[in-house]
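Spelled out, the chains give:
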Amino acid sequence: MMDTPILKISGLTMDFGGIRALNRLDLDVHAGEIVALIGPNGAGKTTFFNCLTGIYAPTAGEIILTPPQGGKSISLKGLKPNQVTEKGLARTFQNIRLFSQMTVLENVMIGRHCRTRAFILGAIFRNAATRREEREIVEMSYAILEKVGLAGVANEFAKNLSYGAQRRLEIARALATEPFLLLLDEPAAGMNPQETQELDRLIREISDDGLSILLIEHDMKLVMSLSDRIFVMDYGKKIAQGVPSEIRSNPAVIKAYLGEEVDA
Amino acid sequence: MSLLKEMKKGLFTSLWFVFLTFPLMVIKVDPIERVVRWRWENALYVAVGTFLMYLLVTFLMQRKNARAATETEVDADRESFIHRLIASPRQKYLLGGALLAVAIAFPFFSSSYQTNVMTTALMYVVLGLGLNIVVGMAGLLDLGYVAFYAVGAYSYALLNHHFGLGFWAVLPIGGGLAAIFGILLGFPVLRLRGDYLAIVTLGFGEIIRLILENWGEFSKGPSGISNISRPGLFGLELNLDAAIIYIYYLMILFMIVTIFIVNRLQDSRLGRAWIALREDEIACQAMGIDKRKTKLVAFSLGAFWAGIIGVVFAAKTTFINPASFTFLESAIILAIVVLGGMGSIIGVILAALILILLPEYLRALSEYRMLAFGAILVAMMVFRPQGLIANIRRTYIFEKEKSPAEKS
Ligand SMILES: Nc1ncnc2c1ncn2[C@@H]1O[C@H](COP(=O)(O)OP(=O)(O)O)[C@@H](O)[C@H]1O
Ligand SMILES: [Mg+2]
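> So what exactly am I meant to see when it comes to the overall build of chain A here?
Of the regular secondary structure elements, chain A holds 10 helices and 10 strands. Its C-alpha atoms give chain A a radius of gyration of 19 Å, near enough to 18 Å, the size a compact globule of 264 residues would have. Dimensions of chain A along its principal axes, counting C-alpha atoms only, are 65 × 40 × 40 Å. Summed over all atoms, the accessible surface of chain A reaches about 11100 Å², with 49% contributed by carbon and sulfur. Counting 30 positive and 32 negative side-chain charges, chain A places the centres of these two groups 6 Å from one another.

Next comes the structure, spelled out in structure tokens:
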């Protein structure tokens, strides 16, 4: 293996009352990798993301984030969602959660919030520093929109976008927070084959920019084509891990998917 | 829907109304002759009136729905008259300048009574803009806004009464105290949303009022505080008429400053964070926005304006007591925000003027004025639930895909 993983999870457990949604999960992501997390519905994948990003407080286990290029390791446990984002971990949501009454551009501008500072007085007096910051926010947000192919609809309300475009906007918004690790929760859900292909290309581009990606996805073709490594979950437990070719022929995985087509 | 079905529903509605209004409209007890008079003809009037009203409303609703189906809501909003009017900055400033000129000339061609009414309306404009930060932008339903208004009013009344402090000295103190109370209220309700938040803030408003009513040594209880000084003008003693005009001009100034500040806040990093918080709290946090800080700032900034206007109120009336700070005040200010269109500054200004001035000028209708007022409000919310002016978002123009040039 390579150097220290940028994300290392050990023994992560999450109980909801009597339900154990995550059961002593271990997982690691290394710099520059695209790692997929797959498993049947209800396996606990989204819960896993929610624990990572501070939305749920895990019952037990450790989450260690190590920024690439010699950053110090930090535990994400007990951090609030916004603090997790500040540390360089951004996510999208399976059930799209855009700010629907804001424009596409503004949605991305929100992502810049944690990297900028202007506050009450800056807003009122609009001094030079604030104006410069606002300009940077707009320029950078627009550049990100160009990257995901939404620059043409920058001034539309987010709610008026097509489903596929909304998913890409979620990615754009997450990118605006300057993460080094991006968590994508079923980004291809509801996309047509052509949109999925564009998504494939977008994820590769993001990866080429040096970001690591942890991807939850049901579209096996996409998963097999993108991933360096795959983790498989069922009932909150990890049942397999390995490179795509190993996963494809793993009997436990085939069984969990109950005859679903696993090969690409 | 078929006409017959609507007729049937209308019939039921009118029967129900006859039943509801029966004790009021039909039965009349004559205490002198000691008889009960049955005015059956009234039941008929109510039935026919309700039936016709029902048909009219149904017809209008259907027409509105049919129109909504053909064009999307957003396009309709963008096309609205006022939006087109302020679309170009030149027209906007021209319009603003004209309105300002009228506002400045107003006291010269109206009685002091009318100037006074107008001052009250302007106060509600500022109150509405303040609450608009909390409810309209940050989406925190605050039903106890009047508490901060009371804090401002009582800080001036008490500081003036005990220490002889003047209006200008207390103005920032009143605003500041109210802002601190905003944070005090904010902390316990950080985790609450929607209905729960509304109930707690409602309770907070009532608690403040009850304290003022019952803590006699502190606030002089229900009898209130009188002889509060009017605002000074470089040590000049103003007579009553001059003082009314002076406070009117002060309110114009305060309103302009408030509009300026709220406008800038709305179009800033902080304002965007508020709106994001209103739209989706979890996504907002996941985007790196500190929910606690953003909410507390919204509460305290909103409260600040209430405090300022509280001070003005005490100075204007020279007498305050807890009866001025009931839930009804909070409800009116909230109605201004909702009627204006959540988050829309022009909408709030218009709504405040309408809501405060309409009952005054409906006085001609004497006893029916509050009824007419209520009917107008209900009709408004049925036919334009997004408020008078739907909020439009700022658009940016990008030249040749690079180097964004901005336009507001
Ligand atoms: N907030 C919650 N409260 C109770 N149970 C939950 C909660 N969130 C998720 N669960 C349960 O955890 C399990 C895993 O759900 P989820 O993580 O959404 O699965 P996946 O994303 O893999 O489809 C499900 O049984 C679900 O009902
Ligand atoms: Mg899920």
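Still more to cover.
> Would you mind going over the site of ligand 1 with me for this structure?
Residue and element names in this part refer to chain A. Neighbouring residues of ligand 1: Phe16, Ala21, Pro40, Asn41, Gly42, Ala43, Gly44, Lys45, Thr46, Thr47 and Tyr56. Between an oxygen atom of ligand 1 and a main-chain N or O atom of Lys45, the distance comes to 2.8 Å. One of the side-chain N or O atoms of Thr46 is found 2.7 Å from an oxygen atom in ligand 1. In the complex, 63% of the free accessible area of ligand 1, which totals 560 Å², lies under the protein chains.

> Is there a simple way to think about the nonpolar core in this case?
The nonpolar side chains of a soluble globular protein tend to be buried with one another. If you look at the biggest cluster of nonpolar residues, it comprises 93 residues, and the most contacted ones within it are Ile133(B), Tyr149(B), Phe167(B), Leu265(B), Trp274(B), Ile320(B) and Phe325(B). Here this core gets 15 residues from one element, more than from any other, and that element is helix α6 (residues 112–137) of chain B. Once residues within four sequence positions are removed from consideration, Ile320(B) is found in contact with Ala153(B), Tyr154(B), Ala157(B), Gly224(B), Ile225(B), Ile228(B), Phe313(B), Ala314(B) and Phe325(B). Listed in part, the 40 residues of the second largest apolar core include Leu98(A), Ala154(A), Leu184(A) and Ile203(A).

> For this particular structure, what's the right way to read the packing of aromatic side chains?
Within a pair of aromatic rings, the relevant descriptors are the distance that separates the centres and the angle that separates the planes. Evaluated as defined, the whole model comprises 20 aromatic pairs over all chains. Their ring planes at 75 degrees and their centres at 6.1 Å tell us that Tyr145(B) and Phe148(B) sit as a pair that is edge-to-face. Residue Phe148(B) is classed as buried on the basis of its relative accessible area, which comes to 1%. Taking 6.4 Å as the distance between ring centres and 80 degrees as the angle between the ring planes, the aromatic pair formed by Trp168(B) and Phe254(B) counts as edge-to-face. With Trp168(B) in helix α8 (residues 167–186) and Phe254(B) in helix α11 (residues 240–266), this pair connects stretches of sequence that are 86 residues apart. Aromatic ring contacts, followed pair by pair, group Phe106(B), Phe109(B), Tyr248(B) and Tyr249(B) into a single cluster. The ring of Phe93(A) has Arg97(A) lying over it, and the distance from NZ or CZ to the ring centre is 5.6 Å. Above the face of the Phe99(A) ring, Arg173(A) is positioned so that its terminal group lies 4.8 Å from the ring centre.

> What exactly am I supposed to notice about helix α16 (residues 345–361) of chain B here?
Because an α-helix completes one turn every 3.6 residues, residues spaced three or four positions apart along the sequence face the same direction. Residues and elements named next belong to chain B. Here α16 spans 24 Å end to end across 17 residues, near enough to the 24 Å set by a 1.5 Å rise per residue. All of the buried residues in α16 are Ile345, Gly347, Val348, Ile349, Ala351, Ala352, Leu355, Ile356, Leu357 and Pro359. Its buried side turned inward, α16 meets α6, α11, α15 (327–340) and α17 (369–383). With a side-chain oxygen lying 3.0 Å from the backbone nitrogen of Gly347, the N-terminal cap of α16 falls on Ser344.

> Would you mind going over the coordination of the magnesium ion (ligand 2) with me for this structure?
Six octahedral donors around a metal ideally make angles of 90 or 180 degrees; four tetrahedral donors ideally make 109.5 degrees. Residues and elements named next belong to chain A. Here the magnesium ion (ligand 2) is held by Thr46 (OG1) and Gln94 (OE1), and the distances to it run 2.0 to 2.1 Å. One end of the pair, Thr46, is in helix α1 (residues 45–52); the other, Gln94, is in the loop between β6 (89–91) and α3 (104–111), and 48 residues separate them in sequence. Given a relative accessible area of 27%, Thr46 falls into the partly exposed group.

> Looking at this model, I keep getting lost on the sheet that holds strand β9 (residues 229–234) of chain A. Mind explaining?
Working definition: the strands of a sheet are paired by backbone hydrogen bonds and lie parallel or antiparallel to each other. Residue and element names in this part refer to chain A. The six strands are arranged β6-β7-β8-β3-β9-β10 in an open sheet whose pairing can be described as mixed. Taken across any chain shown, the strands that pair with only one partner, and hence form the sheet edges, are β6 and β10 (237–242). Pairs of neighbouring strands in the sheet enclose a mean axial angle of 20 degrees, with direction left out of account. Sheet topology note: the strand β7 (residues 181–185)/strand β8 (residues 212–216) ladder contains five bridges and is parallel. Bridge pairing links Asp185 to Ile216 in β8. Each of β3 (34–38), β6, β7, β8 and β9 is contacted by α1, which is oriented at about 140 degrees to β8, the strand it contacts most.

> What is the right way to look at the domain arrangement of chain B in this model?
By convention, interface size is frequently given as the accessible area that disappears when the constituent parts associate. In terms of domains, chain B is made up of domain 1 (2–68) and domain 2 (95–383). Here domain 1 of chain B and domain 2 of chain B have C-alpha centroids that lie 38 Å from each other.

> In this structure, what is going on with the pattern of salt bridges? I would like to understand it.
Pairing of side chains with opposite charge becomes possible as their charged atoms draw close. Residues and elements named next belong to chain A. One pass over the full model with this rule turns up 17 salt bridges over all chains. Close ionic contact of Glu205 with Lys147 constitutes a salt bridge, the shortest N to O distance being 3.9 Å. Of this pair, Glu205 sits in helix α7 (residues 193–208) while Lys147 sits in helix α5 (residues 128–148), and the two are 58 residues apart along the sequence. The network of salt bridges with common partners includes Asp28, Glu33 and Arg229.

> What's the story with the sheet that holds strand β2 (residues 19–29) of chain A in this structure? I'm lost.
Residue and element names in this part refer to chain A. Read from one edge to the other, the open sheet built from four strands follows the order β2-β1-β4-β5, with strand pairing classed as antiparallel. Two strands close off the open sheet at either side, each with one partner strand: β2 and β5 (74–75). Across two bridges, strand β4 (residues 60–65) lies against β5 in antiparallel orientation. Paired with Ile64 across the bridge in β5 is Ser75. This element, α1, spans β1 (7–16), β2 and β4 of the sheet and lies at about 110 degrees to β1.

> Which parts of the structure should I look at to understand the packing of helix α6 (residues 163–175) of chain A against α7(A)?
The description of two packed helices rests on the angle between their axes and on the distance between the axes. Residues and elements named next belong to chain A. In contact at an axis separation of 11 Å, α6 and α7 are set at 10 degrees when each is read in the N-to-C sense. With respect to α7, the axis of α6 lies roughly parallel. Along its contact with α6, which presents Gly164, Arg168, Ile171 and Leu175, the element α7 presents Glu195, Glu198, Leu199, Leu202 and Ile206.

> What exactly am I supposed to notice about the packing of helix α7 (residues 146–163) of chain B against helix α9 (residues 194–214) of chain B here?
All names here are of chain B. For the pair α7 and α9, the least separation of the axes is 8 Å and the interaxial angle reads 30 degrees. By the angle between their axes, α7 is roughly parallel relative to α9. The residues of α9 that touch α7, namely those facing Ala147, Phe148, Ala150 and Tyr154, are Phe204, Gly205, Ile208 and Leu212. Across the contact of α7 with α9, the residue classes break down as seven nonpolar, one polar and no charged.

Thresholds applied
Here the residue numbering is sequential within each chain, running from 1 through the sequence in written order. A letter from A marks each chain and a number from 1 marks each ligand, given out in the order of writing. Side-chain atom pairs in this predicted model are given and counted only at pLDDT of 80 or more, local residue features only at pLDDT of at least 70, and totals for whole chains, interfaces and linings cover all residues. Here the side-chain values reflect all heavy atoms present in the structure, with hydrogen atoms and water set aside. Secondary structure counts use DSSP, requiring at least four H or I residues in a row for a helix and at least two E residues in a row for a strand, with both numbered from the N terminus. What the globule rule says is 2.2 Å times the number of residues to the power 0.38, and the radius of gyration is computed from C-alpha atoms. Note on areas: these come from Shrake-Rupley sampling with a 1.4 Å probe, and a residue is covered only by the protein chains present in the view. Here Asp and Glu are counted as negative and Lys and Arg as positive; His is not counted, and neither are the chain ends. Think of each charge as sitting on NZ of Lys, CZ of Arg, CG of Asp or CD of Glu. Being near a molecule or strand, for a residue, comes down to having at least one heavy atom within 4 Å of it. Pairs of N or O atoms are called polar contacts if they sit within 3.5 Å, as long as, within protein, a hydrogen donor faces a hydrogen acceptor (for residues adjacent in sequence, only side-chain-to-side-chain pairs). In these notes, a set of buried Ala, Val, Leu, Ile, Met, Phe, Trp, Tyr and Cys residues joined through side-chain atoms within 4.5 Å is what counts as a nonpolar core. In this scheme, a residue with accessible area under 20% of its type's maximum is buried, one over 50% is exposed, and one in between is partly exposed, where area comes from a 1.4 Å probe on protein chains only. When checking whether two residues touch, look at their non-hydrogen atoms; a contact exists if any pair is within 4.5 Å. Paired rings are identified among Phe, Tyr and Trp, the last through its six-membered ring, by centres lying within 6.5 Å, and are further divided according to the angle between planes into stacked (under 30 degrees), edge-to-face (over 60) and tilted (the rest). Criterion for a charge above a ring: Lys NZ or Arg CZ within 6 Å of the ring centre, and within 35 degrees of the ring normal. The length a helix should cover is 1.5 Å for every residue beyond the first. Counted as coordinating are nitrogen, oxygen and sulfur atoms within 2.8 Å of the metal, or 3.2 Å for Na, K and Ca, while water is not included, which may make sites look incomplete. When DSSP finds at least two bridges between two strands, those strands are taken to pair. Note on method: axes are straight lines fitted to C-alpha atoms, helices fitted across the in-contact stretch only, with angles between N-to-C directions ranging 0 to 180 degrees. Boundary definitions for the domains trace back to an automatic or database domain assignment. One side-chain nitrogen of Lys or Arg within 4 Å of one carboxyl oxygen of Asp or Glu is enough to make a salt bridge. Oblique is the label for any angle not under 35 degrees, not over 145, and not in the 65 to 115 range, which are roughly parallel, roughly antiparallel and roughly perpendicular in turn. Any residue outside Ala, Val, Leu, Ile, Met, Phe, Trp, Tyr, Cys, Pro, Asp, Glu, Lys and Arg is labelled polar, Gly included; the first ten of those are nonpolar and the last four are charged.

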